[in-house]
Amino acid sequence: MGRVSSVMGQRWVARGLFWGMVLLYIALFSTLTILKHEAFQTTAFDLGNMDQAVWNSLHGRLLPFTNWGEEGTRLAYHVDPILILISPLYLIYSNPKTLLLFQTVVVALGALPLFWLAKEIFGESLVALLFPLVYLLFPALEAANMFDFHPTTIAAPLLLYAFYYLWKRRYPWFFLFSFLVMACKEEMPLLVIMMGLYVLLVQRNWRVGLTAISLGVAWFIIAVYII
């Protein structure tokens, strides 16, 4: 009985520490990015045109912006239609700070699939906290979070969710997050293609693997050579 209580106690401690790390990250980097914006240290490229593209998309004009001196479209610069999916956030608060807060929350929640994976391998112990901790402390990720708003920054946590569900063989969720990843930028389908190869070579699932590879190749060609 005492051993069971000890294990349960360790699990709750691990969960509490995990969510403490995530909430601390959100509080810290939300404050830092918003203060940076208020200090006029964000830029027209890229936060300015992201803000325009999101606001216009919400109001029925998909992805235009005027940073080029005349009205252009994000699709002539980067293919990141995920901005359209993000645009309803401006119904809550129409301000670039919304994008900065959203980015920080999504990046922070990228620690969750790492924690799930670590728990599966090492058990729900303090050891499992190491992997989300390394993720949250990774300097390149923190630098990307601090530099305005970019769909490629939120692609990183989305990729972690896609791989977690791939590893669990929960393929509908894998494809959902893969579509979100591919919507972040024109080269993102290449990463989906690599995950499709993982399915082929490691999981030996030809149907899912070839489907992922075909979708990645098709969207890459459409995004780069047509759009």
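Just above, that's the structure.
Residues numbered from 1 in each chain as written. Predicted model: local features only at pLDDT ≥ 70, side-chain atom pairs only at ≥ 80, totals over all residues. Heavy atoms only, no water.

### Here we look at the nonpolar core
Test applied: We define a nonpolar core as any set of buried Ala, Val, Leu, Ile, Met, Phe, Trp, Tyr and Cys residues linked to one another through side-chain atoms lying within 4.5 Å. Here's how the labels work: a residue is buried when its accessible area is under 20% of the maximum for its type, exposed when over 50%, partly exposed in between, all with a 1.4 Å probe on protein chains only. To qualify as a helix, a DSSP run of H or I must reach at least 4 residues; to qualify as a strand, a run of E must reach at least 2; elements of each kind are numbered from the N terminus. In what follows, a contact means two residues having at least one pair of non-hydrogen atoms within 4.5 Å.
Counting 54 residues, the largest nonpolar core has Phe 18, Leu 83, Leu 99, Phe 149 and Phe 174 as its most contacted members. Looking at which element gives the most residues to this core, the answer is helix H8 (residues 151–167), with eight residues. Every residue in contact with Leu 99, bar those within four places of it in the chain, is listed here: Leu 47, Met 50, Asp 51, Val 54, Ile 86, Tyr 90 and Phe 149.

### Some details on the environment of Ala 111
When you line up the elements, Ala 111 lands in helix H5 (residues 111–122). For the pair Ala 111 and Val 199, spaced 88 residues apart in sequence, the C-alpha to C-alpha distance is 23 Å. Other than its neighbours up to four places away in sequence, Ala 111 contacts Phe 18, Val 22, Pro 132, Tyr 135 and Leu 136.

### Notes on the packing of aromatic side chains
Our working rule: We call Phe, Tyr and Trp rings a pair once their centres come within 6.5 Å, taking the six-membered ring for Trp, and we label the pair stacked below 30 degrees between planes, edge-to-face above 60, and tilted otherwise.
Inspection of the entire model under this criterion finds 15 aromatic pairs. Relative to Phe 115, the ring of Phe 18 lies with its centre 4.5 Å away and its plane at 10°, an arrangement referred to as stacked. Of this pair, Phe 18 sits in helix H1 (residues 2–38) while Phe 115 sits in helix H5; the two residues are 97 residues apart in sequence, bridging distant segments of the chain. This pair shows no difference in class: Phe 18 is buried, exactly as Phe 115 is. An aromatic cluster of at least three residues, connected via ring pairs, comprises Trp 116, Tyr 161, Tyr 164, Tyr 165, Trp 173 and Phe 177.

### Some remarks on the packing of helix H9 (residues 171–182) against helix H11 (residues 206–226)
The condition that has to hold: Helix axes are fitted to C-alpha atoms over the stretch in contact, other axes to C-alpha atoms as well, and angles between N-to-C directions run from 0 to 180 degrees. When an angle is under 35 degrees it counts as roughly parallel; over 145 it counts as roughly antiparallel; between 65 and 115 it counts as roughly perpendicular; any other value is oblique. For any helix crossing, the convention is left-handed if the near helix is rotated counterclockwise from the far helix by under a right angle, and right-handed if that rotation is clockwise. Residues are grouped as follows: Ala, Val, Leu, Ile, Met, Phe, Trp, Tyr, Cys and Pro are nonpolar; Asp, Glu, Lys and Arg are charged; all remaining types, including Gly, are polar.
Taken N-terminus to C-terminus, the directions of H9 and H11 make an angle of 15°; their axes are 12 Å apart at the nearest point. Relative to H11, the element H9 is oriented roughly parallel. Between H9 and H11 lies a crossing whose hand is right-handed. Counting all contacts with H9, which are made through Tyr 171, Phe 174, Phe 175, Phe 179 and Met 182, the residues of H11 involved are Val 208, Thr 211, Ala 212, Leu 215, Gly 216 and Trp 219. The residue makeup of the contact of H9 with H11, split by class, is nine nonpolar, two polar and no charged.

### Considering the environment of Gly 48
Here Gly 48 shows up in helix H2 (residues 44–58). Along the primary structure Gly 48 and Pro 157 are separated by 109 residues, whereas in three dimensions their C-alpha atoms are 23 Å apart. The residues touching Gly 48, leaving out its near neighbours within four places in the chain, are Thr 43 and Asn 67.

Remember that the coordinates give geometry; whether it matters functionally is a separate question.
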